[in-house]
Amino acid sequence: MKITEIEIYRLSIPMEPFVIATGTMDYAQNTFIRIHTDTTIYGVGECSAFPMIVGETQDTCLVLARDFAKIWKGKDPLAIDDRLAELDLYIAGNRTIKSAFDIALHDLAAKHAGIPLYQFLRGAKREITTDMTLGIASPEEMAIKAKRLQEGELSC
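Residues numbered from 1 in each chain as written. Predicted model: local features only at pLDDT ≥ 70, side-chain atom pairs only at ≥ 80, totals over all residues. Heavy atoms only, no water.

(A) The arrangement of unusual backbone geometry in detail. Unusually for a residue other than glycine, Asn 94 sits at a positive phi of about 55°. Here Asn 94 shows up in the loop between helix 3 (80–90) and helix 4 (95–113). Non-glycine residue Arg 122 carries a positive phi angle of around 65°. Turning to its location among the elements, Arg 122 is positioned in the loop between helix 5 (117–120) and helix 6 (139–150). (Helix = DSSP H or I, 4+ residues; strand = E, 2+ residues; numbered from the N terminus.)

(B) Highlighting the sheet that holds strand 1 (residues 3–20). The strand order across the open sheet formed by three strands is 1-2-3, and the pairing between neighbours is antiparallel. Each having just a single partner strand, strand 1 and strand 3 (42–48) make up the two edges of the open sheet. Neighbouring strand axes in the sheet, compared pairwise and without regard to direction, differ in orientation by 15° on average. Pairing between strand 2 (residues 23–37) and strand 3: seven bridges, direction antiparallel. Looking across to strand 3, one finds that Thr 31 is bridged to Cys 47. Packing of helix 4 onto the sheet brings it into contact with strand 1, strand 2 and strand 3, and relative to strand 3 it is tilted by some 155°. (Pairing = 2+ DSSP bridges. Axes fitted to C-alpha atoms, helices over the stretch in contact; angles between N-to-C directions. Contact = heavy atoms within 4.5 Å.)

(C) Spatial organisation of the environment of Gly 93. Looking at the secondary structure, you find Gly 93 in the loop between helix 3 and helix 4. Since its relative accessible area comes to 32%, Gly 93 is described here as partly exposed. As a C-alpha pair, Gly 93 and Ile 6 span 87 residues in sequence and 21 Å in three-dimensional space. (Buried < 20%, exposed > 50% of the residue type's maximum accessible area, 1.4 Å probe, protein only.)

Below, the structure written as structure tokens:
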């Protein structure tokens, strides 16, 4: 199996302004990739740049994604360790965009194996526990949002 094409998409998803100590976000700035092969199998991955936290922007992710796509064209997507090592040799850091490529390779490999990704990663099916993060606002506004979230009127 060989990689034939990698599609790269810029996703700017409007959201309620999310305020934290390091800044405000009005949009989720994601990069979505789809790795195609010379078979019908493909893998998908996505990342969300948050420059105040990781030092990467959506633009840096897009530039590197195009470079990574050139590096991987014609190569075996199932040689995951080799593919990821190539990204590390190409550029240090930039873990956000590298994570999208990592996820896409693992998604592709799990599809090739005919099993769900969690099984491919030797995980067990379980209920996922997560949290809800409220952005900084006045105590009154945060209390109202927390109550609305608890009652299912809002989603994060």
